[in-house]
Amino acid sequence: MSEMNCPNCGSRVSPAIKSVKMITCESCATTLLLEDAGLRLAGSQGVLHEVPMICQLGDELKIGKGRYQVLGHARFSYGRGTWDEFWAIDGSGNPVWISVDEGDLILQRELPEKDWPQYRGTLRLGRTLRYKTEGFRVDEEGTGTCVGLKGSFGHPLTVGESYRFLNLQGENGTVLSAESVGKDYEWFIGSWIDPFEVEVKAA
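Fair warning: this is a prediction, and the values are worked out from it, not measured in the lab.

About the cut-offs
- Residues numbered from 1 in each chain as written.
- Predicted model: local features only at pLDDT ≥ 70, side-chain atom pairs only at ≥ 80, totals over all residues.
- Heavy atoms only, no water.
- Helix = DSSP H or I, 4+ residues; strand = E, 2+ residues; numbered from the N terminus.
- Buried < 20%, exposed > 50% of the residue type's maximum accessible area, 1.4 Å probe, protein only.
- Contact = heavy atoms within 4.5 Å.
- Areas by Shrake-Rupley, 256 points an atom, 1.4 Å probe, with all protein chains shown as cover.
- Phe/Tyr/Trp six-rings, centres within 6.5 Å; stacked < 30°, edge-to-face > 60°.
- Core = buried A, V, L, I, M, F, W, Y, C linked by side-chain atoms within 4.5 Å.
- Salt bridge = Lys/Arg side-chain N within 4 Å of Asp/Glu carboxyl O.
- Pairing = 2+ DSSP bridges.

Caption draft 1: Representation of the overall build of the protein within the structure. Along the backbone of the protein there are 0 helices and 16 strands. Going through the 203 residues of the protein one by one, you find that 42% of them count as buried. Considering only contacts in the protein between residues 6 or more positions apart, those separated by 24 or more positions represent 45%. For the protein, the exposed surface amounts to about 11200 Å²; the carbon and sulfur share of it is 48%.

Caption draft 2: Molecular detail of the packing of aromatic side chains. Scanning all chains against the criterion turns up 7 aromatic pairs. Here the aromatic rings of Tyr-131 and Phe-136 are separated by 6.3 Å at their centres, their planes lie at 70°, and the arrangement is edge-to-face. What links up through ring pairs into an aromatic cluster is the set Phe-76, Tyr-78, Trp-83, Tyr-163 and Phe-165.

Caption draft 3: Just the nonpolar core, in detail. Leu-149, Phe-153 and Leu-157 are the most contacted members of the largest nonpolar core, which totals 24 residues. For this core, the secondary-structure elements that each account for two or more residues are β3 (22-24), β4 (30-35), β7 (66-77), β8 (82-90), β12 (134-153) and β13 (162-170). In terms of nonpolar packing, the next biggest core, distinct from the first, is built from 14 residues, Leu-61, Ile-63, Ala-88 and Leu-107 among them.

Caption draft 4: Looking closely at the environment of Val-20. Within the secondary structure, Val-20 sits in the loop between β2 (12-13) and β3. Taking the relative accessible area as the measure of exposure, Val-20 reaches 3% and is therefore buried. Between the C-alpha atom of Val-20 and that of Pro-156, which follows or precedes it by 136 residues, the distance is 9.2 Å. The residues touching Val-20, leaving out its near neighbours within four places in the chain, are Pro-15, Leu-34, Trp-87, Ser-152 and Phe-153.

Caption draft 5: Local environment of the environment of Ile-193. Along the chain, Ile-193 falls in strand β15 (residues 184-193). Taking the C-alpha atoms as reference points, Ile-193 and Gly-64, 129 residues apart in sequence, are found 9.3 Å from one another. Ile-193 has contacts with Ile-63, Leu-105, Leu-107 and Val-198, leaving out every residue within four places of it along the chain.

Caption draft 6: Spatial organisation of the pattern of salt bridges. Inspection of the entire model under this criterion finds 7 salt bridges. A salt bridge links Glu-141 to Arg-124, with the shortest nitrogen-to-oxygen separation between them at 3.6 Å. Taken together, the residues Glu-141 in strand β12 and Arg-124 in the loop between β10 (104-110) and β11 (128-131) connect sequence positions 17 residues apart.

Caption draft 7: Representation of the pairing of β8 within the structure. Across the 9 residues that make up β8, a large majority, 8, are buried. Judged from the 9 bridges that link them, β7 and β8 form a sheet pairing that is antiparallel. Looking at β8, one finds that Phe-76 is bridged to Trp-83. Linking β7 to β8, which pair antiparallel, is a turn of 4 residues; within it Gly-79 sits at a positive phi near 95°. In the sheet, β8 pairs with strand β9 (residues 95-101) via 6 bridges, with the strands oriented antiparallel. For Ala-88, the partnering residue across the bridge sits in β9 and is Val-96. Connecting β8 to the next strand, β9, in antiparallel fashion are 4 residues, including Gly-93 with a positive phi near 85°.

Here it is as structure tokens:
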């Protein structure tokens, strides 16, 4: 993509791929939204304290037969700790999320709304539902607050905004996850990844 200038400090910023909707300025730590008219200020990128991580921005990960380039890094706090989310693209340019929490990894893709799980009432801990041919149980729920952003993302995220999350474990090892802000939902599907089977090619 062509480079643009940060409206806050004037530094050059270059979105990694065409589908990027948000990017952080490396020079002034400002979060920027990409719109038809150009870049718009969206707030602070927060603080990402350096801690040992399985990967960094720009790294290429080999997971099984797939290869994924890491383009964005977001960190969320859930009170007693934090977890990290990496936005990446596969070899075909399709976006994925790689979640890292205390050494556990999940590789997930966003589900289009037509493929969301169907259920009645409210999902809470212990509730079960069927999705396609697999049974799922809600085994984790909570609230996470975005505390830091770095790199490029396929949709806007906001430092300081809180998200309700649900994680559902499937009978066959599949993972369903839901995130919501107010009445806005997103659903994801994926699977656990053995961190010792991840090969990292540094940027």
